[in-house]
Amino acid sequence: MLFGKLGAPDPELLAREVEHFSSKEAARRDEILINYFGEESLNRIADRIVEFLFASPTLPADAKALDVGAGSGFFTIKVAEKVRTRLPKVSFYAMDMTPAMLLSLVKKGGDVQPFIGLAENLEGSIKEARMYLDIPYKFDAVFSTLMLHHSVRPEKVFESIRQVLREDGKALIVDLCEHGFEEFKKEMGDVHLGFRLEEIAKMAGNAFAEVHIEKMHGICCECSGRAAEIFFAYLYDVLC
Ligand SMILES: C[S@@+](CC[C@H](N)C(=O)[O-])C[C@H]1O[C@@H](n2cnc3c(N)ncnc32)[C@H](O)[C@@H]1O
């Protein structure tokens, strides 16, 4: 019902994805991540997100940061802990469409506020969530890890993120580069086989004034001998 209200692009596909994440990943998402990337690479990804949050434009002391498609909160909680060593008053929010994933996050007990929603319609998701929870309309920073290739309409995600950013806000999307492993759709519930960097540049450029994209060398999502590289897309609403 909520997804219909939020204008979900393909409710049936979405329902299958939620079922996949609830039954196959929610209880063991962290373990899955460690198997795919290894702990050292995961720490490097988290450190890069933290570096981005501390970089210009500077976050206010009481900044609000949102993780889109946060899942079990592996990165949300790690990043929140690291950021709060220097900025203890930063508030973290975790949005996801799969309640079971957010339940795993809540069980970890990190000081992160979860809410259910859709990445393609963050404004609407926040409006709905505000009926029960204290969620801000706008954020100083938004980040998202390994969610975009699950989105039915990835191009909408960029505009949706921009709409909930404060003036001078910034966003970071981490996801898979294009790969040829068709079977990931069945095995991992993927919707897209990663993205070409030009595709990301085009989608991001339609929503943001400034976009920087880089591949993260030496880090791959590895599964049974198959490896997909990852990219970082840094998004700014004003020219830096
Ligand atoms: C592969 S998991 C990544 C979770 C977490 N960010 C991580 O790095 O472990 C993808 C997550 O994105 C969520 N998701 C996928 N499509 C979404 C959408 N359109 N809106 C909101 N959440 C979505 C799924 O429920 C799932 O928890």
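About the cut-offs
Residues numbered from 1 in each chain as written. Predicted model: local features only at pLDDT ≥ 70, side-chain atom pairs only at ≥ 80, totals over all residues. Heavy atoms only, no water. Helix = DSSP H or I, 4+ residues; strand = E, 2+ residues; numbered from the N terminus. Rg over C-alpha atoms; globule rule 2.2 N^0.38 Å. Buried < 20%, exposed > 50% of the residue type's maximum accessible area, 1.4 Å probe, protein only. Contact = heavy atoms within 4.5 Å. Areas by Shrake-Rupley, 256 points an atom, 1.4 Å probe, with all protein chains shown as cover. Core = buried A, V, L, I, M, F, W, Y, C linked by side-chain atoms within 4.5 Å. Axes fitted to C-alpha atoms, helices over the stretch in contact; angles between N-to-C directions. Parallel < 35°, antiparallel > 145°, perpendicular 65-115°, else oblique. Left-handed = near helix turned anticlockwise from the far one by under 90°. Nonpolar A, V, L, I, M, F, W, Y, C, P; charged D, E, K, R; others polar. Phe/Tyr/Trp six-rings, centres within 6.5 Å; stacked < 30°, edge-to-face > 60°. Lys NZ or Arg CZ within 6 Å of the ring centre and 35° of its normal. Patch = residues over 30% accessible without salt bridge, like charges linked within 9 Å, V, L, I, M, F, W, Y side chains within 5 Å. Salt bridge = Lys/Arg side-chain N within 4 Å of Asp/Glu carboxyl O.

(A) Broad picture of the overall build of the protein. Helix and strand counts for the protein come out as ten helices and seven strands. For 240 residues, the compact-globule formula gives about 18 Å, and the C-alpha radius of gyration of the protein, at 16 Å, lands near that figure. Judged by the C-alpha coordinates and their principal axes, the protein covers about 45 × 40 × 35 Å. Looking at the protein as a whole, 54% of its 240 residues are labelled buried. Considering only residue pairs separated by 6 or more positions, the protein has 72% of its internal contacts joining residues 24 or more positions apart. As displayed, the protein has an accessible area near 11,000 Å², and 50% of this comes from carbon and sulfur atoms.

(B) Structural detail: the nonpolar core. Counting residues in each nonpolar core, the largest one holds 45 residues, and the members touching the most others are Phe37, Ile45, Leu53, Val79, Phe92 and Ile230. The element best represented in this core is helix α4 (residues 39-54), accounting for seven residues. Those residues within four positions of Phe37 in sequence are excluded, and the remaining contacts are Leu42, Ile45, Leu146, Ile219, Cys220, Cys221 and Ile230. With 31 residues, the next largest nonpolar core counts Leu148, Phe158, Leu165 and Cys177 among its residues.

(C) Here's a closer look at the packing of α4 against helix α5 (residues 74-84). It is at 9 Å that the axes of α4 and α5 come closest, and there the two elements cross at 50°. If you check the angle between α4 and α5, you find them oblique. In this structure, α4 meets α5 at a crossing whose hand is right-handed. Counting all contacts with α4, which are made through Leu42, Asn43, Ile45, Ala46, Asp47, Ile49, Val50, Leu53 and Phe54, the residues of α5 involved are Phe74, Phe75, Lys78, Val79, Lys82 and Val83. In terms of residue class, the contact of α4 with α5 is made up of eleven nonpolar, one polar and three charged.

(D) Layout of the packing of aromatic side chains. In total, this model carries six aromatic pairs according to the counting rule given. Both rings, one in Phe52 and one in Tyr234, keep their centres 5.7 Å apart while their planes meet at 50°; by these two values the pair is tilted. Of this pair, Phe52 sits in helix α4 while Tyr234 sits in strand β7 (residues 226-236), placing them 182 residues apart in sequence. Residue class for Phe52 comes out buried when judged on its relative accessible area of 4%. Both rings, one in Phe52 and one in Tyr236, keep their centres 6.3 Å apart while their planes meet at 55°; by these two values the pair is tilted. With Phe52 in helix α4 and Tyr236 in strand β7, this residue pair connects regions lying 184 residues apart in the sequence. The ring of Phe54 has Arg86 lying over it, and the distance from NZ or CZ to the ring centre is 3.8 Å.

(E) View of a nonpolar patch on the surface. The grouping of Met131, Tyr132 and Leu133 at the surface amounts to a nonpolar patch, some 370 Å² of accessible area in total. One can find Leu133 in the loop between α7 (122-129) and β4 (139-145). Among the residues examined, Leu133 registers a relative accessible area of 32% and is labelled partly exposed.

(F) Fine view of the environment of Leu176. Mapped onto the secondary structure, Leu176 falls in strand β5 (residues 165-176). Here Leu176 falls in the buried class, since its relative accessible area comes to 3%. It is 4.6 Å that separates the C-alpha atoms of Leu176 and Gly194, two residues lying 18 residues apart in sequence. The residues contacting Leu176, other than those within four sequence positions of it, are Leu146, His149, Asp190, Gly194, Phe195, Cys221, Ala228, Glu229, Ile230 and Phe231.

(G) Spotlight on the pattern of salt bridges. The tally for this structure, following the rule as stated, stands at 14 salt bridges. Glu214 is the salt-bridge partner of Arg48, the closest N and O atoms lying 2.3 Å from each other. You can see Arg48 sitting in helix α4 and its partner Glu214 sitting in strand β6 (residues 210-223), a full 166 residues away along the chain. Given a relative accessible area of 21%, Arg48 falls into the partly exposed group.

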